[in-house]
Amino acid sequence: MSETISTLRQRLRSGPVASAGAAIPARRQFALQTEGMLTRLLKRPAAWVRRHERFACCIVAVLDIIDKDVPIDGLVTEISQGGLLFRPATRFIFDRRGSAVLVRFGDEELAGSIVNVKATGYGVRFHEEAQPEHIQALLARFGLSGDDAVG
């Protein structure tokens with residue numbers, strides 16, 4: 001291989017070219033220029049932005065799965081106007097996506113449904129968005145300061 005690195009880079013930038021001057025078949029050029037259908041379907045948007053800002057907190061709570069009448073003790077570790085993240089006190093996290101739940105802590109009770117299940121807990125979306133003032137009051141009582149927040 002007698003080509004220099006700069007020559008190879010230039011050839012790669014200029015697009016697909018066959019060696020020794022032979023033309024690339026049209027089908028191969030089309031395949032090189034287009035993405036596969038599966039790739040296009042699975043590609044996520046470049047930037048996804050949450051609707052509401054999340055705030056770190058530490059609230060001892062109970063998550064009631066309404067249809068099973070099962071209370072689960074744990075912590076609310078994040079909260080926003082649209083929902084919260086509930087970390088169960090048990091090691092087991094069951095996939096209960098779509099289940100209607102009631103989250104109780106202190107004198108508060110918030111209704112929602114489980115929309116996400118991951119190792120860090122259950123993502124709960126509220127049926128009705130909470131008012132910003134209500135979230136700020138909860139954070140004043142149970143929120144973590146920037147130094148205490150776990151990142």
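Up top is the structure these notes are about.
Model, not experiment: these values are computed from the prediction. Numbering of residues begins from 1 in every chain and follows the order in which that chain's sequence is written. pLDDT decides what is reported in this predicted model: residues at 70 or higher carry local features, side-chain atom pairs at 80 or more are listed and counted, and totals for whole chains, interfaces and linings draw on all residues regardless. To get the side-chain values, take all heavy atoms of the structure and skip hydrogens and water.

S.K.: Now, about the environment of L144: what can you tell me, with residues and values included?
M.R.: Here a helix means four or more residues in a row that DSSP labels H or I, a strand means two or more in a row labelled E, and each is numbered from the N terminus. You can see L144 is positioned in the segment after helix 4 (132-142). Using a relative accessible area of 32% as the deciding quantity, one classes L144 as partly exposed. Sequence separation between L144 and E78 is 66 residues; the distance between their C-alpha atoms is 9.9 Å. Burial classes follow relative accessibility: with a 1.4 Å probe on protein chains only, a residue under 20% of its type's maximum area counts as buried, one over 50% as exposed, and anything between as partly exposed.

S.K.: Kindly report on the side chain of S80, identifying the contributing residues and their values.
M.R.: Looking at the secondary structure, you find S80 in the loop between strand 2 (70-79) and strand 3 (83-88). Think of a polar contact as two N or O atoms within 3.5 Å of one another; within protein, one of them needs to be a possible hydrogen donor and the other a possible acceptor, and neighboring residues in sequence only count if both atoms come from side chains. Only 3.2 Å separates the side chain of S80 from the backbone nitrogen of G82, close enough to count as a polar contact.

S.K.: Go over the pairing of strand 1 (residues 55-65) with me, naming the residues and quoting the values.
M.R.: Strand pairing requires that DSSP identify at least two bridges connecting the strands. Bridging between strand 1 and strand 2 involves 9 bridges; their strand directions are antiparallel. Each residue of the ladder has a partner; that of V60, found in strand 2, is L75. Hairpin connection from strand 1 to strand 2: 4 residues lie between these consecutive antiparallel strands, with D69 at a positive phi of about 50°. Here 4 bridges tie strand 1 to strand 4 (residues 100-105), and the two strands are oriented antiparallel to one another. Bridge pairing links V62 to R104 in strand 4.

S.K.: Tell me about the side chain of D64, and please be specific about residues and values.
M.R.: Take D64: it is sitting in strand 1. Engagement of the side chain of D64 in a polar contact is seen with the side chain of R104, the distance being 2.7 Å.

S.K.: Give me the lowdown on the nonpolar core, citing residues and values where you can.
M.R.: The biggest cluster of nonpolar side chains holds 24 residues, and the ones touching the most others in it are L63, V76, I79, L84, F86 and F105. It is strand 1 that provides the largest number of residues to this core, a total of 5 residues. Among residues more than four places away in sequence, those in contact with V76 are C57, C58, I59, A61, L84, L85, F86, V103 and F105. Take the buried Ala, Val, Leu, Ile, Met, Phe, Trp, Tyr and Cys residues and link them wherever side-chain atoms come within 4.5 Å; each set so joined is a nonpolar core. Contacts are residue-level and defined by heavy atoms, with any inter-residue pair within 4.5 Å sufficient.

S.K.: Explain the sheet that holds strand 4 residue by residue, including any values.
M.R.: Strand order in the closed barrel formed by 6 strands is 1-2-3-6-5-4, and the pairing between neighbours is antiparallel. Put simply, the sheet's adjacent strands are angled 45° from each other on average, direction ignored. Structural elements are reduced to axes, namely lines fitted to C-alpha atoms, with helices fitted over the stretch in contact, and the angle between N-to-C directions of any two is expressed from 0 to 180 degrees. Relative to the sheet, helix 4 contacts strand 1, strand 2, strand 4 and strand 5 (108-118), its axis offset from that of strand 1 by approximately 105°.

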